[in-house]
Amino acid sequence: MDWVMVVQILGSTLRLATPLLFACLAGLISERAGVFDIGLEGKMLAAAFMAAAIAYATGNVWLGVASAIVASVGISLLHGVAAITFRGNQLISGVAINFLAAGLTVVVAQNWFSQGGRTPSLSGGGRMARIDLPFADAVRDVPVLGPIYSGILSGHALLVYVAFLCVPLTWFMLFRTRFGLRLRAVGENPAAVDTAGISVVGLRYGAVAIGGVLCGLAGAYLSTGLAAGFVQEMTAGRGFIALAAMIFAKWRPWHAMGAVLLFGFLEAVANRFQSIEILGVSLPVQAMQALPYILTVVILAGFVGKAIPPRAVGTPYVKEH
Amino acid sequence: MTATDISPRAQTTDYAIELRGISKAFGPVQANKDISIQVRRGTIHGIVGENGAGKSTLMSILYGFYRADAGEILINGQATEIPDSQSAIRAGIGMVFQHFKLVENFSVLENVILGAEAGGMLRPSLSRARGLLKDLAREFELNVDPDAKVEDLSVGHQQRVEILKALYREADILILDEPTGVLTPSEADHLFRILRGLKDQGKTIILITHKLREIMDVTDDVSVMRRGEMVATRPTAQTSPTELAELMVGRKVLLRVEKPPARPGKIVLQVDNLRVVDSQGVERLRGISLNVRAGEILGIAGVAGNGQSELLEVLAGLRDAEGQAQLRGEDLPLAGPGAGAISRRRQGVAHVPEDRHRRGLVLRFMAWENMALGYHHDAAYNAGPLRMNNAAIMRDTEAKMQHFDVRPPDPLLQAEGFSGGNQQKLVLAREMERNPEILLVGQPTRGVDIGAIEFIHQQLIRLRDQGSAILLVSVELDEILALSDRIAVMFDGRIMGERQSDQTNAQELGLLMAGMT
Amino acid sequence: MSAKGRIPDWADVTLVPLVSVALAFMISAILIWAIGESPWEAVKLMVEGAFGSSYGWGYTLYYATNFMFTGLAVSVAFQARLFNIGGEGQALVGGLGVALVCLYIPWPHWTLALVGAMLGGAVFGALWALIPGWLQAKRGSHIVITTIMFNFIAASLLGYMLVNVLRPQGTQDPSSPRFPPETALPSLHEILALVGIPFSRVPPVNISLLIAVAMCFVVWYLLWRTRLGYQIRAFGESEPAAEYAGISPARITIYAMLISGALAGLMAVNSVLGEQQRLVLNAVEGAGFIGIAVALMGRNHPFGVFLAAILFGFLYQGGAELALWTGIPRELIVVIQALVILFTGALDNMVRIPIARLFAQARARGR
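Criteria and cut-off values
Residues numbered from 1 in each chain as written. Chains lettered and ligands numbered in written order. Predicted model: local features only at pLDDT ≥ 70, side-chain atom pairs only at ≥ 80, totals over all residues. Heavy atoms only, no water. Helix = DSSP H or I, 4+ residues; strand = E, 2+ residues; numbered from the N terminus. Areas by Shrake-Rupley, 256 points an atom, 1.4 Å probe, with all protein chains shown as cover. Lys, Arg positive; Asp, Glu negative; His and termini not counted. Charge placed at Lys NZ, Arg CZ, Asp CG, Glu CD. Pairing = 2+ DSSP bridges. Contact = heavy atoms within 4.5 Å. Axes fitted to C-alpha atoms, helices over the stretch in contact; angles between N-to-C directions. Buried < 20%, exposed > 50% of the residue type's maximum accessible area, 1.4 Å probe, protein only. 1 Å grid on protein atoms, 1.4 Å probe; cavity = no way out; pocket = protein on both sides within 12 Å on 5 of 7 lines; lining within 4 Å. Points joined across faces, edges and corners; volume = space filled by probe spheres on them. Nonpolar A, V, L, I, M, F, W, Y, C, P; charged D, E, K, R; others polar. Salt bridge = Lys/Arg side-chain N within 4 Å of Asp/Glu carboxyl O. Domains from an automatic or database assignment. Buried area = accessible area lost by both parts, 1.4 Å probe. Polar contact = N/O pair within 3.5 Å; in protein donor to acceptor, adjacent residues only side chain to side chain. Expected span 1.5 Å × (residues − 1). Phe/Tyr/Trp six-rings, centres within 6.5 Å; stacked < 30°, edge-to-face > 60°. Parallel < 35°, antiparallel > 145°, perpendicular 65-115°, else oblique. Left-handed = near helix turned anticlockwise from the far one by under 90°. Bend = angle between axes of the 7 residues up to and from the residue.

## Regarding the overall build of chain A
- Check the secondary structure of chain A and you find twelve helices and four strands.
- In terms of overall dimensions, chain A has C-alpha extents of about 65 × 50 × 40 Å along its principal axes.
- Just so you have it, chain A exposes about 12,000 Å², and 67% of that area is on carbon and sulfur atoms.
- For chain A, the centre of its 20 positive side-chain charges and the centre of its 13 negative side-chain charges are spaced 8 Å apart.

Given below as structure tokens:
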């Protein structure tokens, strides 16, 4: 392995981690408010399609991003109606949303573009432009720092930077603002929030909607930044990897960033090599693909630092005294 | 004695709270009937009553959880609508619930400001709260570490956080619902010092409790509730525990159960020094010793939550405990293998649980399926290593339903389709028809209509006369008095005293139940 | 769910799922209309394609066979209040079991191979479900999350086995070699020919259909006739009551998951041994997830599962025909499936509350 390859893999790690990070933070915010969200995959997929479709139609990627957010928030609200208003099973609602998106995207794509359930390839203004950070060219040849700054950190689409900016923002929102305090409280003990005279339903809808916005960004980046157009099932389980990352990070924003970077790295490596030698053991590519899930199960089992979810997650709030 | 008279001359401004004619029904159950009460500003006002007397409903109305069907609430002389808790908070009412409404993994400060933050950002609210907490700690002995996580605090400290929450919201009126139920005696004393301090600052405090000692110690006035009605209000100085106990219990229509004198035989169950610590580290049973003989009914009296449920669960094999127990002279394991519900049943311990909806029945199972609950390993109910003999269970159910006069006598009806009384008869039929060595019964007639009560009582006496031992737990003192041959009173995880039922009366037991000896 | 007012049992079992399915179909019809096709024509095409010929019937029943297995799998777990989303992975691993049994044991006759394959599929599926079940029972790990994770791990495991272990040398295709011809299961065409009924020889429907139908009966027997079934149902309806009765929650959780996984694994007998005659990467094709819809619609009762499986078999075969003859892609079926899950599983209160209200009104008027 040479340095060029390392730089490439790390750069690719950042790009692959971006949709995971958005989705992971979406799940984190929703579950912190007490609403299970296993529909991340579906929301991302719907958003990816909308972004690509509108970006293609208008030639403007940002209109695509906006439509992606609208679509994703719409689905979130459907989840809200089922999970919060009608106190239905949040997990089943999430499963339904994943299928709904998987089916609808193809049906609509076929109807609009007749290209076998995909959108036409995006180019020009329909794709997210890469951004070169200031002085990226100037420091390119500086040893060590040069490749890190110019090769790894610079040259990604705007949403990559937005995603990583969302980490401190989420942290700040959750732990430094009134809204965050209430949001965390409603996920731990909604009765405490209710007796304090705050609307449990309102808070949960708010959290679910924010999750929708983030999933919208995740999907939009996937189809207009990472790829150049939408293809069927293009999320390929990323919503579940994000879910895994959320558990792995034990519902904490900074740790979530660490988790998605790890999982993104595994994906980048798996994309590059068929197998990898570690300490004389040959690790097949499938093992790397499965690793995020295996790690999550280990964490869930509590063998290494138990992951304790927000206490009220998954249970609809019913007033009782 | 009727409700407190509302004198038109009374200066309403002297009262922090005045309720007029409050009524509230839940379906057919009238939880509050035409309740009127006046609470003087700057006093501690106690409200006492048995379980189900309607105290909690009344306070929930005051805090905006329920809307009264009729009546008026006046706060400081002003008629006030309280449709939700937000309005109650705005009206200056703070509530300390029996089960705390705290976010356990939040810090004390975070809990205190939740819902009363000073702006979009937390920092200013937190530092304001920190300052206020420091003042309150000095003033009222309300000291808690503001940065500690609530889950790491003792129950007593958690309660202080609830009080701090109310004070942070500038509550003038503080309602405490059974505040000492979870406290140690020294914690309770501390709480009362806090309450007196608050009173001296002009706060009004409503204290809901069933413990008469506390009422006598700390209140200025006391109101007694019984069966949804406010039966009396007295200045505490002019009343006595005896009078209050009498008012609480009332001169009810005495339940009469025809029963021949008991002929107690050998000791069936002997229990020594039973101890249970619950998952929160609170000691629920603090050394219970008792025995029950064949052919007698031992009644356990007490206000709910004083350890009776835990006692039943331990004996029924649903909860581990420390101590010794013997059934017919043989050791009965209280933990580990051999202590489970199945083994207990095999040894002849039958159990009618306190909560038949949650435990005693699977509501969506048909009557005949419920008849096998707990006895599904019984040889007569099985037709092979795997197969259950449904036909045999069905026949058995029909016979038992007949015998216990369950209506409708339809073994195919789901349990939830029966009335409360008939559900209970189903459970009793299942547990009693096997002539157990000992029958553990919890609240046998809770939510049961009068006709069924009589029938159930007769059946219990019949079982006793056939030579079974019966341990009866009930919060209905009448029931205990009517059925038991001996009565033990539980209070705070201990047995306060044991009496022969023909040598005691409701007043004496009422005092014991309130922790007075 | 405590909806205000009670619905009679017959209505709860029939009306609520029927209204839910009707809602799902209505929305799908609107969708078909919105993409410029005629819903009425679409329905005609689907019915024609699925039931109009023995060819159509053959495919419908082939799909239904898969869905019966996975639907039963989800139902058994649901009866114990466990939401097993892992049917997909359990069926995949079951497929691995079937393949290993068929490839490495020289079976003299298909009858023996069938027994062997059933054992292989069931045991592998059960073991794959055992781990999440054990983790739920003993460590309290949320079974929904762990079974999701196990679906992905199963896919990776299968990928590895096919690419690195089972793939015959010299081929690029990640799939196992063909099973020996002795293991080939008789098709419905052959079975019906014995009694003189002509049936298309093309569709892959085979003797596994009979096994699936038998399994519906076996599961019914298990749940409503055996002691284990009694305990599973008691635990599912009320954990406190089960504890009171001395039923161990941990043990029942593990048993229910074992049975559930075994049923999902059995699906591979139909798809891997019955149809493909070799193990391929996408051997399950989402049938594990369809089992969720089938179970929800069938109210977790084997008879309901049987009917719902046939309905979904119809949808899948009809959907394929639809895609062939119109501009409506196959994925429309996934949308219908999603809507069925949504209405029967998550928005059931939305359906149930108005129905309960109607009954309350009817009762009030009758008085």
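Okay, back to it.
## Observations regarding the sheet that holds strand S11 (residues 267–277) of chain B
Residues and elements named next belong to chain B.
- Across the sheet, four strands lie side by side as S12-S11-S14-S15; this open sheet has antiparallel pairing. Only two strands of the sheet have a single neighbouring strand rather than two, namely strand S12 (283–293) and strand S15 (330–331).
- Direction of pairing for strand S14 (residues 322–327) relative to S15: antiparallel, over a ladder of two bridges. Paired with glutamine 326 across the two strands is aspartate 331, which belongs to S15.
- Along the sheet face, helix H9 (residues 308–316) touches S11 and S12 and points at about 60° away from the line of S12.

## With respect to the pairing of strand S13 (residues 297–301) of chain B
Residue and element names in this part refer to chain B.
- Taken across its five residues, S13 has five buried, putting it largely inside the fold.
- Where burial is concerned, the two faces of S13 agree: the one with Ile297, Gly299 and Ala301 and the one with Leu298 and Ile300 are both buried.
- Relative to strand S18 (residues 469–473), S13 is paired through four bridges, and the arrangement is parallel. What sits directly across from leucine 298, in S18, is leucine 471.

## Some remarks on empty space enclosed by the protein
- All told, the structure shown has five cavities of 30 Å³ or more when counted by the stated rule.
- Looking at the largest cavity, its volume works out to about 130 Å³.
- Looking at the lining of the largest cavity, its residues break down into seven nonpolar, two polar and four charged.

## Considerations on the sheet that holds strand S16 (residues 349–352) of chain B
Residues and elements named next belong to chain B.
- As summarised here, the arrangement of the six strands in space is S16-S17-S18-S13-S19-S20, forming an open sheet in which the pairing is mixed. At either margin of the open sheet sits one strand with a lone partner, and together these are S16 and strand S20 (494–500). If you compare each strand with its neighbour and ignore which way they point, the axes differ by 20° on average.
- Helix H14 (residues 420–432) rests against S16 and strand S17 (438–442) of the sheet, and its axis sits at about 175° to S16.

## Let's talk about the environment of B:Ala339
Residues and elements named next belong to chain B.
- In this structure, alanine 339 sits in the loop between S15 and helix H10 (341–346).
- The spacing of alanine 339 and glycine 384 is 45 residues in sequence and 26 Å in space, taken between C-alpha atoms.
- Other than its neighbours up to four places away in sequence, alanine 339 contacts Gly317, Pro333, Leu334 and Arg344.

## Describing the pattern of salt bridges
- One pass over the structure, following the stated rule, counts 50 salt bridges over all chains.
- The salt bridge partner of B:Glu104 is A:Arg311, with a shortest N-O separation of 2.9 Å. A residue pair is termed interchain when its members come from two chains, as with B:Glu104 in the loop between strand S6 (93–96) and helix H3 (108–113) and A:Arg311 in the segment after helix H12 (285–301).
- When its relative accessible area of 34% is taken as the criterion, B:Glu104 is described as partly exposed.
- B:Arg359 is paired through a salt bridge with C:Glu243; the nearest N and O atoms lie 3.6 Å apart.

## Considering the domain arrangement of chain B
Residues and elements named next belong to chain B.
- Taken as a whole, chain B is organised into domain 1 (255–348 + 437–517) and domain 2 (360–433).
- With centres defined by C-alpha atoms, the gap from domain 1 to domain 2 works out at 25 Å.
- At the junction of the two partners, domain 1 supplies 17 residues and domain 2 supplies 15 residues.
- Summed over both partners, the interface of domain 1 with domain 2 buries about 1,200 Å², with 70% contributed by carbon and sulfur atoms.
- Interface area lost by domain 1 to domain 2 is led by Ile342, Arg345 and Phe455, which between them contribute 37%.
- Taken together, domain 1 and domain 2 are joined by one salt bridge.
- For arginine 462, the salt bridge goes to glutamate 433, with nearest N and O atoms at 3.8 Å.
- Taken together, domain 1 and domain 2 are joined by one residue pair in polar contact (both at pLDDT 80 or more).
- For the side of domain 1 that touches domain 2, the secondary structure elements donating two or more residues are H10 and helix H15 (450–465).
- Here the element with the most residues in the side of domain 1 that touches domain 2 is H15; it accounts for seven residues.

## Thoughts on the side chain of B:Glu214
All names here are of chain B.
- Along the chain, glutamate 214 falls in helix H7 (residues 212–218).
- Assessed through its relative accessible area of 7%, glutamate 214 is described here as buried.
- Look past the residues within four positions of glutamate 214 in its chain and what remains in contact with it is Thr180, Phe192, Thr209 and Thr219.

## Some remarks on the interface of chain C and chain B
- Taken together, the contact pairs 21 residues of chain C with 30 residues of chain B.
- Carbon and sulfur atoms supply 53% of the area buried between chain C and chain B, which totals about 2,200 Å² over both sides.
- Area buried by chain C at its contact with chain B is led by C:Arg227, C:Tyr230 and C:Tyr244, which between them contribute 40% of it.
- Linking chain C with chain B are three salt bridges, by the criterion used here.
- Along the contact surface separating chain C from chain B lie 14 residue pairs in polar contact (both at pLDDT 80 or more).
- Listing elements by their share of the side of chain C that touches chain B, those giving two or more residues are helix H1 (9–34), helix H8 (208–225), helix H9 (227–237) and helix H10 (239–244) of chain C.
- Looking at the side of chain C that touches chain B, the element that brings in the most residues is H9(C), giving six residues.
- Across the side of chain C that touches chain B, the residue classes tally to nine nonpolar, four polar and eight charged.

## Notes on the interface of chain A and chain C
- On the chain C side, the residues contacting the 42 residues of chain A number 43 residues.
- Our count for the contact surface shared by chain A and chain C stands at zero salt bridges.
- Remark: the boundary between chain A and chain C carries six residue pairs in polar contact (both at pLDDT 80 or more).
- Elements represented by at least two residues in the side of chain A that touches chain C include exactly helix H3 (61–85), helix H4 (90–113), helix H10 (238–248) and H12 of chain A.
- Sort the elements by how many residues they give to the side of chain A that touches chain C and H4(A) lands first, with 14 residues.
- Residue classes in the side of chain A that touches chain C are distributed as 28 nonpolar, twelve polar and two charged.

## Structural notes on helix H3 (residues 54–79) of chain C
Residues and elements named next belong to chain C.
- Its 26 residues place the ends of H3 35 Å apart at the C-alpha level, agreeing with the 38 Å of an ideal helix rising 1.5 Å per residue.
- Where burial is concerned, most of H3 is hidden: 23 out of the 26 residues are buried.
- Taken from the residues just after H3, arginine 81 is the one with a positive phi, measuring 55°.

## A look at the packing of aromatic side chains
- This model, assessed by the stated rule, comprises 28 aromatic pairs over all chains.
- Relative to A:Trp112, the ring of A:Phe49 has its centre 5.7 Å away and its plane inclined at 35°; by these criteria the two rings are tilted. Of the two residues, A:Phe49 is situated in helix H2 (residues 40–58) and A:Trp112 in helix H4; the sequence distance between them amounts to 63 residues.
- Aromatic pair C:Tyr59 and C:Tyr63: ring centres 6.3 Å apart, planes at 40°, arrangement tilted.

## Re the packing of helix H1 (residues 3–32) of chain A against helix H11 (residues 253–272) of chain A
Residues and elements named next belong to chain A.
- Between H1 and H11, the least distance of the axes is 6 Å, while the angle of their chain directions is 135°. Compared by their axis directions, H1 and H11 come out oblique. For the element pair H1 and H11, the recorded crossing hand is right-handed.

## Overview of H1(A)
All names here are of chain A.
- Spanning 30 residues, H1 covers 40 Å between terminal C-alpha atoms, matching the ideal 44 Å at 1.5 Å per step.
- By the largest-angle criterion, threonine 18 marks the main kink of H1, which is about 35°, and a proline, proline 19, follows within four residues.
- The buried count for H1 comes to 24 of 30 residues, which makes it a mostly enclosed element.
- A positive phi of about 95° marks glycine 34, the residue just after H1.

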